[in-house]
Each structure stands twice: as C-alpha cells, then as structure tokens.
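Coordinate inspection notes
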Amino acid sequence: MICEDFEVIVVGAGHAGCEAALAAARLGKRVLIFTVSVDSIALMPCNPNIGGTSKGHLVKEIDALGGEMGRNIDKTYIQSKMLNKSKGPAVHSLRAQADKHTYSLEMRKVLENTDNLTIKQAEVAEILVEGGKVAGVKTYSGAVYTAKAVILCTGTYLKARCIYGDVSEYTGPNGLSASIHLTDSLLNIGIDLRRFKTGTPARVDKRTIDFSKMEVQNGDEKVVPFSFLNEDKDIGREQIPCYLTYTNEETHRIIRENIDRSPLYGGIIEGVGPRYCPSIEDKVMRFADKDRHQIFVEPEGEYTNEMYVDGMSSSMPEDVQVAMYRTIPGLENVHIVRNAYAIEYDCIDATTLKESLEFKVASGLFAAGQFNGSSGYEEAAAQGLIAGINAVRLIDKKEPLILKRSDAYIGVLIDDLVTKHTKEPYRMMTSRAEYRLLLRQDNADLRLTKIGYEIGLISKERYEALLKKETDIETEIKRLKSKTIGGKKEVNDFLTENGSAALLGAVTLADLVKRPELNYELLAAIDNERPKLSTAVGEQVNINIKYEGYIEREYRQVEQFKKMENRLIPEGIDYEKIDNIRKEARQKLSEIQPLSVGQASRISGVSPSDIAVLLVYIEQFLRSRNGNN
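What you see is a predicted model, and the numbers here were worked out from it, not measured in a lab.

Turning next to the overall build of the chain. Helix and strand content of the chain: 20 helices and 24 strands. At 26 Å, the chain has a C-alpha radius of gyration in line with the 25 Å of a compact globule built from 629 residues. Its C-alpha atoms give the chain principal-axis dimensions of about 80 × 80 × 50 Å. Considering the chain as a whole, with its 629 residues, one finds that 57% of them fall into the buried category.

Below, the discussion takes up the domain arrangement of the chain. Size of an interface: often given as the accessible area lost when the parts come together. In terms of domain boundaries, the chain breaks down into domain 1 (2–67 + 85–96 + 116–196 + 344–455), domain 2 (203–342), domain 3 (461–557) and domain 4 (567–627). A straight line from the C-alpha centre of domain 2 to that of domain 3 covers 43 Å.

Turning our eyes to something else, we now look at the sheet that holds strand β13 (residues 167–169). Read from one edge of the open sheet, four strands run β13-β12-β21-β14, paired in antiparallel fashion. Edge positions in the open sheet fall to β13 and β14 (194–200), since each of these has one partner strand only. Sheet twist, expressed as the mean angle between neighbouring strand axes with direction ignored, is 20°. Pairing analysis gives three bridges linking strand β12 (residues 161–164) to strand β21 (residues 341–347), with the strands arranged antiparallel. Looking across to β21, one finds that Ile 163 is bridged to Ala 342.

Of all six residues in strand β6 (residues 93–98), six are buried, a share of seventy percent or more. Along β6, one buried face is formed by Ser 93, Arg 95 and Gln 97 and the opposite face, lined by Leu 94, Ala 96 and Ala 98, is buried too. Looking at chain direction, strand β4 (residues 49–51) and β6 are connected through three bridges and run antiparallel. The residue of β6 that forms the bridge with Asn 49 is Gln 97.

What follows is about the environment of Ile 551. One can find Ile 551 in helix α17 (residues 548–565). Judged by relative accessible area, Ile 551 falls into the buried class, the value being 6%. Counting along the chain gives 82 residues from Ile 551 to Lys 469, while the straight-line C-alpha distance between them is 19 Å.

Quick look at the packing of aromatic side chains now. Counted according to the given criterion, the structure contains five aromatic pairs. Seen from their ring centres, Phe 34 and Tyr 145 are 5.3 Å apart, and the 75° between their planes marks the pair as edge-to-face. You can see Phe 34 sitting in strand β3 (residues 31–35) and its partner Tyr 145 sitting in strand β10 (residues 144–146), a full 111 residues away along the chain. Residue Phe 34 is classed as buried on the basis of its relative accessible area of 1%. Since its relative accessible area comes to 3%, Tyr 145 is described here as buried. Lying across the ring of Phe 228, Lys 60 places its NZ or CZ 4.6 Å from the centre. One residue, Arg 530, lies across the ring of Tyr 520, its end atom 3.6 Å from the ring centre.

What follows concerns the pattern of salt bridges. Charged atoms that come close allow side chains of opposite charge to pair. Following the criterion strictly, the structure yields 53 salt bridges and no others. The residue Arg 161 makes a salt bridge to Glu 344 at a minimum N-O spacing of 2.9 Å. Remark: Glu 344 occurs in strand β21 and Arg 161 occurs in strand β12; sequence separation between them is 183 residues. Both residues of the pair, Arg 161 and Glu 344, count as buried. Across the pair Arg 602 and Glu 565 runs a salt bridge, and its minimum N-O distance is 2.7 Å.

The subject of this paragraph is the side chain of Glu 281. Assignment of secondary structure puts Glu 281 in helix α8 (residues 280–286). Buried charge without a partner: Glu 281 forms no salt bridge, and the closest opposite charge is Lys 197, 6.7 Å away. At 3.0 Å, the side chain of Glu 281 forms a polar contact with the backbone nitrogen of Ser 315. If near-sequence neighbours (up to four positions away) are discounted, Glu 281 is found in contact with Ile 255, Ile 259, Ser 262, Leu 264, Tyr 265, Ser 313, Ser 314, Ser 315 and Met 316.

Among the residues of helix α9 (residues 318–325), those classed as buried are Val 320, Gln 321, Met 324 and Tyr 325. For α9, the angular spread of buried residues about the axis comes to 125°, placing them on one side.

Rules behind the numbers
Residues numbered from 1 in each chain as written. Predicted model: local features only at pLDDT ≥ 70, side-chain atom pairs only at ≥ 80, totals over all residues. Heavy atoms only, no water. Helix = DSSP H or I, 4+ residues; strand = E, 2+ residues; numbered from the N terminus. Rg over C-alpha atoms; globule rule 2.2 N^0.38 Å. Buried < 20%, exposed > 50% of the residue type's maximum accessible area, 1.4 Å probe, protein only. Domains from an automatic or database assignment. Pairing = 2+ DSSP bridges. Axes fitted to C-alpha atoms, helices over the stretch in contact; angles between N-to-C directions. Phe/Tyr/Trp six-rings, centres within 6.5 Å; stacked < 30°, edge-to-face > 60°. Lys NZ or Arg CZ within 6 Å of the ring centre and 35° of its normal. Salt bridge = Lys/Arg side-chain N within 4 Å of Asp/Glu carboxyl O. Lys, Arg positive; Asp, Glu negative; His and termini not counted. Polar contact = N/O pair within 3.5 Å; in protein donor to acceptor, adjacent residues only side chain to side chain. Contact = heavy atoms within 4.5 Å. Arc of directions from axis to C-beta.

Here is the structure:
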C-alpha cells in the first residue's frame, strides 16, 4: 500500500484549493493538493470572469495578503471594466473577463513551479481522524497520505449531479468526474451535510450570432490592474468586446408554457439555489411583471468561438433551451455548443466551523470555498487563502489569522458564513459590509499588506514600497491642507472653466479638492509646487480629503464595534444555564459557540435583549470563577 507523509493536504484544486495550497507551500510547508483532474485546476465552469460588484474588493484583498488570483487575472484578462464609476469610491468594483483556458493554464503553471507543492490526480474517499485530530486522507484506490492539517475545497464536486430536463447524471461541472465517496466519511466524522444547487447557461457558437442586433460593450481604455504589483502599462493589451441583448415576451411565453418540464419546478432538483443568481425560468416566474431581462453575450476566450450567454442559466430540457435562446435578438439562428444545466452538490453549514475555518469537531481539519455554502470564484479564493494560512499557523502553534468585519471584506465574508445560518449559496455584496467606505478596493494594500508581510506571504521589498506609499500620501495631504491659494485671475478662470465658484479670498488646496466638481488630479493645473507622485498615491490623497468627514465617522463606528469584538466570551459558559435568555438564543449560542459578544450579537435568532442578559451573566461568571481561584 502506498503511504506518503506531508504537512498540509488540500482536497480540490479549484479557486479555493489553489490559494490554500499556494499559501501553505509559500509558508514553507510540504503540501499535497488533490484534484479529480489536473486539467481542471482553477477551472471556470461558470462565467469566465473575475471580480464584479464587491467581488473585486475580495480579489484586491487576496492580492494585498499575498494571494495569486489578482496576478493571474492580470495575466489572462481579455476585457476589463471598472463598475459603478458613477457612484462613490466605496462601491467601485473592478471586473475582468478572462480567457477561460489561459486562466486555468497559468494558475496550473504557478502551482507546478511552486516549491514544496505536489499535485496529485486522485479521488479522496476518506478523511482520517485519530483522537479528535485529523491524521490524513485515503484515496479511492487505497493509498494513504498523512498530514497535520487537511483543507477541504471540494467546490461543487461532492456527490455532484448535473441536471437539465429529464437528463440527470452524477458528474461534476463540464462533465468531469464527481467526488462520490467522500460524503460517507464526512458523515462518519460527525459533519452534517446539506444540498445546494447552482447552474450555468449554454455556450453558443460565435459564428451563428448576429452581433448587429446587439449593443457592443467595450472595456475601459485605461485598465486598472487587480494586483498592486502591476501598473496599467504592465498589463495593457487589445481587449475583446462583449455584447448586450434582451429576452422578450416570446422568450417568456416559451418558458411559461414548458415550466412543467423544468426539473426546478417539477421537484427533481432538491438543492437550494442562489438567491442572487437565479435561472432564467426562475426569473420569468418570480418577476412576471418584467417584460424583458438583460442578457450579456461574452467570449469564453481569445482563441475559441464559444460564447457565454450570461443571464440565461437554465435546467430546461434541450429542445426548450434551443427554442427560448432563438427568440433573443441576435440569437435567432444560434447553435448551442454546450447545454445549460443545473448542478446539485453536498456542502456544509459553515456555522460548524471556527472563525479560522477549522472544523469544531476535528482539530486540523479546515474547509474553504463553495463547500462552505458560498458561491463565486472570488469568495472561494478568499476562504482558501485564509484556510491555508491558518492551517500553517495551527501546525506552528500560532494564533490563527482572523480578519474582523472592520478589517476587510474577507472578514465580513467569513464572519457571515460561520455566524449566520445561510439558507442558500452565500454571495458577497457591498451592502453586507457595514464599513464599506473604509474597506474600499483601492486601499486594500494599505489595510492588509502589513498583515501579509507579518504572516510571511509578502516580500520585504513589497512591504517597503507600501511604507513609502503611506508616507507619500500622508505628506501630500499635509501639504494640501497647509498650502493656500488666492483668487488670482488665472485661478478663478480655471475654476470657472470647470464649473466651480470663483474665489473671493484665500483657501487651501484641500478645500478645493473637497468641492464636488473638482478633484486632486484636475487641480494640478494650478498647483505649481506639486511633487511627482504615482497615480495610486494621487487617488488615495483625493479620496481621503474629499470624504474626510465620512471616513472619520466610520472610524468612530469601528471603535464602538471593536469594543464588542474585544469583549471575549470566557470558555466554559453553559448557555443552557442562562434562564433569562430565550430558548432559541440558548440553542444558537450553544451550537455556534461565539468567541466574542460582538459575534454573538450577529447570530440569527439572538436578540439585543439576549445580549444584555449575556453581558450580565459573563460578569457574574468571571467573578465566580475568579473567586473560586
């Protein structure tokens, strides 16, 4: 029998698995990553894009901590756009369409050439646990691989079933092998599983599309990199257009007349689907008042004719898919290359995890990605990075890295997953972040790169560059606040030309930056003492001055938040003995075992009055324990 020893084992090589394995290997541990197919490393089975609203924040944060996703999409994008530019900087979100094949290939290259990292194509069938601690894994073939930490990143492969119409097959995405045998092992360990569902639209042949009936969607002329290591000049390339079209009443009629053939409505699909990414049949039935829905037709890559029909996810029978697709302007003669399908898979309720993403029932066993009940490549990668870091820190007997909700979108994501019972696949959104003006994507490096450096994933050179950036920002803000400018003719002419009121007396340059119609970059024309600074520094100077009052207010709110987060709940509290807390709250607190009063307050079913009682009980508990000592 084959038996090999590693320090960290990662099960699954999707976006979570790649980040977990790379983080652990870069931190010096011997890592083995399993995949059902080496060709599926960093696969994009759904839309081949990275980023988007709030998801772009996650990618920037991954990069700031030393992860790989941002660098990989910068190498492989075919179109880049900054979303929500008409709104404030808190919700600006970068999104890039990727070359699907090249993205996977480039990530595979990185894994294959990373020291300490071994790739193995095999199906893991059993998690080995001894005395409450993980000991390794056993493959379906019987080979045993021992490790001090195991990270489960099974994505949508665990007992996966693909469905469209009457067709139902136990396969993973894109017809790849599912992971069938691991479920029983997890149940035996004491890990409860549930069934979630997601889906994907058809891929169609570009040669059969009439693009003249669609609206062209071009990328931005000035490309903003995802990785803080890159500048726009480093990654500039010719971009490929996407296209916008719409469903219509004929599309909706075909769906309604065939809704009885939908496995979603016929009870064949049992898994719970994502609320914020419904299938086209679900949209038509749920939003009957809408006479059309947006459809984006996007390329799968630079060297393929396959196009992704974003917004047309479906599990309808094949003939219905063809009929409804051909009602859409531009797709009247379309040929479907790959049918749309829904996919069901086993996953966990992430409240069974600690905030470090380690299971409560087995020391050294971690989980990340869609296996935790989330959706999206970016959410998966963020969790994978944190799980990889914390697996290493557990082995090294160090405290885990736990990002607070006030630190990062990653902190919001993980806190929501492990604290709240998500009833459908969780999707990151800017509205979930209470402090989103502080957690902008543009300042992710300023927030997190120091943490990445202390952990060991950021080089000294990159850290020193960050310190210089911080100094440049601080120095320039001080200069603008101290430099006054009077109402000279050339100044007032400039202001008038830019729709701003002329000056009657002297003001500081910072005062001018704060005017809605002006900004730091624009004021270079009348700022003859301005030092030469990078675009990134200028952006931070502009935002910090323009939104100074709002930023200071959020910092005050964060201080109040931290008081609750720092109020730790002592070990050994038996919530069932707290009579004045409602029964539901006692059950939830006992199940989740929150680390702090702040975390307890965010548990669904725990009310403010329950928290008030808990605070009093904690004081009594500590006095009693200290008295006994």
